[in-house]
Amino acid sequence: METIAHIKEEFAKAEGKNRAFLYQKYEADERKGVQNLLLRYKKEDAALEKEMKRLQQMKSYEMQYGQEYDVICGIDEAGRGPLAGPVVAAACILPKDEDILYINDSKKLSAKKRELLYEEICEKAVAYGIGIVSQGRIDEINILQATYEAMRQAIDKLEVSPKLALVDAVTIPDITIRQVGIIKGDAKSVSIAAASILAKVTRDKMMEEMDILYPEYGFAKHKGYGSAEHIAALRKYGPCPIHRRTFIKNILK
């Protein structure tokens, strides 16, 4: 009789359909440890199947437009709402033949999961670009125009030229490639979701660095958004160089 350790090793090495054979092989084994193993891996397989179905739904736009356009990028931003720091945009072209499990709207992911996905996206992407527009420029041209500027920067930094851009909600002026705006696109398109993760993680890292320079504001915690803690610090210490003056003028009155 196989030891439970050996059976566990068999399951660990098997993937997908190969496990069906193992379920059949050991279903009559009445040992509690074996039955617990079977239950564990059946749950894993069910979760994976559910995730693959979700991913297929999130690839619907890429599949729809992929028949006409061979290179599609997703575009999204992070940091339109904060009182401090830059706005960051990302453009990302994902491979057609490889899935990145659990990719999703960055707001639906934990910080740890975002960072892990960030590394995987950077490793597997056909190309990606990051655009960053400073708080000073935001004050100069307003946040919407600054967001467009960051998005154009991100597209320009792609090493592969896209034929189509899937964009979260907006239409970017002054770009020549065709665009498709998708409301809540970061939850509906894998390409936009990938861009949202790249933009969010990039900006969060920048704000954590700013926290070292300006520790009294708590940037590492709230990333520049208008939390009660941030507003209290702003009223106590006044603005620092990375605050958006046009965003905080009413708070400081």
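Since this is a predicted model, take the numbers as computed values, not measurements.

A.B. asks: Explanation requested: the sheet that holds strand 3 (residues 127–133) in the structure shown.
C.D. replies: Pairing between the strands of a sheet comes from backbone hydrogen bonds, and it takes one of two forms, parallel or antiparallel. Spatial ordering of the open sheet is given by 3-2-1-4-5, a layout of 5 strands whose pairing is mixed. Two strands close off the open sheet at either side, each with one partner strand: strand 3 and strand 5 (178–182). On average, each strand axis in the sheet is tilted by 20 degrees relative to the strand beside it, whichever way the strands run. Looking at chain direction, strand 2 (residues 87–93) and strand 3 are connected through 7 bridges and run antiparallel. Across the sheet, the residue bridging to Val-87 is Val-133, located in strand 3. Here helix 7 (residues 143–156) sits on the sheet in contact with strand 1 (72–78), strand 2, strand 3 and strand 4 (164–168), set at roughly 150 degrees to strand 3.

A.B. asks: Before we go on, may I ask you to explain helix 10 (residues 228–237) in this structure?
C.D. replies: Quick reminder: α-helices carry 3.6 residues per turn. Residues three or four places apart thus point the same way. If you check which residues of helix 10 are buried, you get His-230, Ala-233 and Leu-234. Here the buried residues of helix 10 occupy an arc of 100 degrees about the axis, which is enough to place them on one side. Opposite its buried face, helix 10 presents the exposed residues Ala-228, Arg-235 and Lys-236, each directed more than 90 degrees away. Count one or two residues on from helix 10 and you reach Gly-238, which has phi positive near 80 degrees.

A.B. asks: What is the right way to look at the packing of aromatic side chains in this model?
C.D. replies: To describe a pair of aromatic rings, one takes the distance between the centres and the angle between the planes. Going through the model one piece at a time under the given rule, you end up with 4 aromatic pairs. Taken together, a centroid distance of 5.5 Å and an interplanar angle of 40 degrees make the contact between Phe-11 and Tyr-23 tilted. Taken as a pair, Phe-11 in helix 1 (residues 4–13) and Tyr-23 in helix 2 (residues 18–26) lie far apart in primary sequence, 12 residues in all. For the residue pair Phe-11 and Tyr-23, the accessibility class agrees, reading buried in each case.

Cut-offs used in this document
Residues numbered from 1 in each chain as written. Predicted model: local features only at pLDDT ≥ 70, side-chain atom pairs only at ≥ 80, totals over all residues. Heavy atoms only, no water. Pairing = 2+ DSSP bridges. Helix = DSSP H or I, 4+ residues; strand = E, 2+ residues; numbered from the N terminus. Axes fitted to C-alpha atoms, helices over the stretch in contact; angles between N-to-C directions. Contact = heavy atoms within 4.5 Å. Buried < 20%, exposed > 50% of the residue type's maximum accessible area, 1.4 Å probe, protein only. Arc of directions from axis to C-beta. Phe/Tyr/Trp six-rings, centres within 6.5 Å; stacked < 30°, edge-to-face > 60°.

Nothing here speaks to function; it is geometry throughout.
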